[in-house]
Amino acid sequence: MQYITPSFRLTAAVAVVAILAGCASPIHRAPVEERASTTQAQRLPPGAENAGKPGYYTIKPSDTLIRIGLETGQSWRDIAAWNNIENPNRIEVGQVIRIVPPVGEAAATSAASAGGMASAKPVTTARIEARPVDGKAASAPAASAASVAASSSSSAAAASAPETKPDVKSGDEPAWIWPANGPTIAQFEEGKRKGLVIGGKAGDPVVAAGDGRVVYAGSGLRGYGNLIIIKHSGDYLTAYAHNQTLLVKEDQAVRKGQKIAEMGATDADRVQLHFEIRKQGKPIDPARQLPSR
């Protein structure tokens, strides 16, 4: 039997401890920290590089594209298109989105908002129906140069008449009408109530306050019930909330006075119409815009 000396045993024990200590020591910490930094950078919300820039909006808790559109005076569908958002329900807090059209689309968007007739077939207006039907207008190019020169001033005046918008006041403000016939039961309050509350009975007609295009019709905005939002010329929106029945669809052109809904009490404690006028997304007092009655 071979004898193992105490010194050899001590040397072996020290070697084992050294090996275990070497295995327990941390190795390559820098790449782990680098990977953590990379992961953190990848978690930044989409569009974060545009935060704070003009024309962009940072999404807050409880935001939806519909609410953002109402607050910024835009169609939620346009906002989705400008930001390549395929599913409007998949947005996240901190995400930064464009709320103004890209430069190349600004003119087209402006045309679409001017009465809402660009993306939907235009509804024939009274002034368009007033064109001559006896063929005299078509024979005008055959007239002599002298006749055209003699009547240049009157022709210019006549030509300018069809361009006048009958539904617009001076200053490019729409000539609104009341959206319902009931009594006003609550007034606009800055910072508290964003519109008028008009009373009535279930089923009473709700009409468009001006010419425009429907940019939202549904019940996806909490607190508004069955809601219609119409975009008008001059950066104006109108909103009609708590309806019982909606009679128009998104992207539909509507005319002033057209019945668009029936009054109801959805998401409200009584039958009412909550009516808002917004300019560039900011609520303004409808009582100062509507005619006296």
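You'll find the structure just up there.
Right, let's walk through the structure included here. Computed from a predicted model, the values in this text were never measured in an experiment. (Residues numbered from 1 in each chain as written. Predicted model: local features only at pLDDT ≥ 70, side-chain atom pairs only at ≥ 80, totals over all residues. Heavy atoms only, no water.)

### Thoughts on the pattern of salt bridges
Summed over all chains, the structure comprises 11 salt bridges. Across the salt bridge formed by Arg255 and Asp211, the nearest N and O atoms sit 2.5 Å from each other. Of this pair, Arg255 sits in the loop between strand 9 (253–254) and strand 10 (259–263) while Asp211 sits in the loop between strand 5 (205–207) and strand 6 (212–218), and the two are 44 residues apart along the sequence. Here Arg255 matches Asp211 in class, with each residue buried. As a salt-bridge pair, Glu276 and Arg278 come within 2.7 Å of each other at their nearest N and O atoms. In this pair, the class of Glu276 matches that of Arg278, namely buried. (Salt bridge = Lys/Arg side-chain N within 4 Å of Asp/Glu carboxyl O. Helix = DSSP H or I, 4+ residues; strand = E, 2+ residues; numbered from the N terminus. Buried < 20%, exposed > 50% of the residue type's maximum accessible area, 1.4 Å probe, protein only.)

### Topic: the pairing of strand 6
In terms of burial, strand 6 is largely enclosed, as six of its seven residues are buried. Note: strand 6 against strand 9, two bridges, orientation antiparallel. Its bridge partner lying in strand 9, Gly212 is registered against Val254. Sheet analysis places strand 6 next to strand 7 (residues 226–232), joined by five bridges and oriented antiparallel. For Tyr216, the partnering residue across the bridge sits in strand 7 and is Ile229. (Pairing = 2+ DSSP bridges.)

### Some details on the environment of Pro179
Mapping Pro179 onto the fold places it in the loop between helix 8 (152–160) and strand 3 (184–186). Leave out the neighbours within four places in its chain, and Pro179 touches Ile198, Pro205, Val206, Val207, Tyr240, Leu273 and Phe275. (Contact = heavy atoms within 4.5 Å.)

### Description of the packing of aromatic side chains
Applying the stated criterion across every chain yields a total of two aromatic pairs. Between the aromatic rings of Tyr240 and Phe275, the centroid separation amounts to 5.3 Å while the plane-to-plane angle is 50°, which identifies the pairing as tilted. Within this pair, whereas Tyr240 is found in strand 8 (residues 236–246), its partner Phe275 is found in strand 11 (residues 272–279), the two being separated by 35 residues in sequence. Assigned by exposure class, Tyr240 and Phe275 land together as buried. A cation over a ring is seen here: Arg293 above Trp178, with NZ or CZ 3.7 Å from the ring centre. (Phe/Tyr/Trp six-rings, centres within 6.5 Å; stacked < 30°, edge-to-face > 60°. Lys NZ or Arg CZ within 6 Å of the ring centre and 35° of its normal.)

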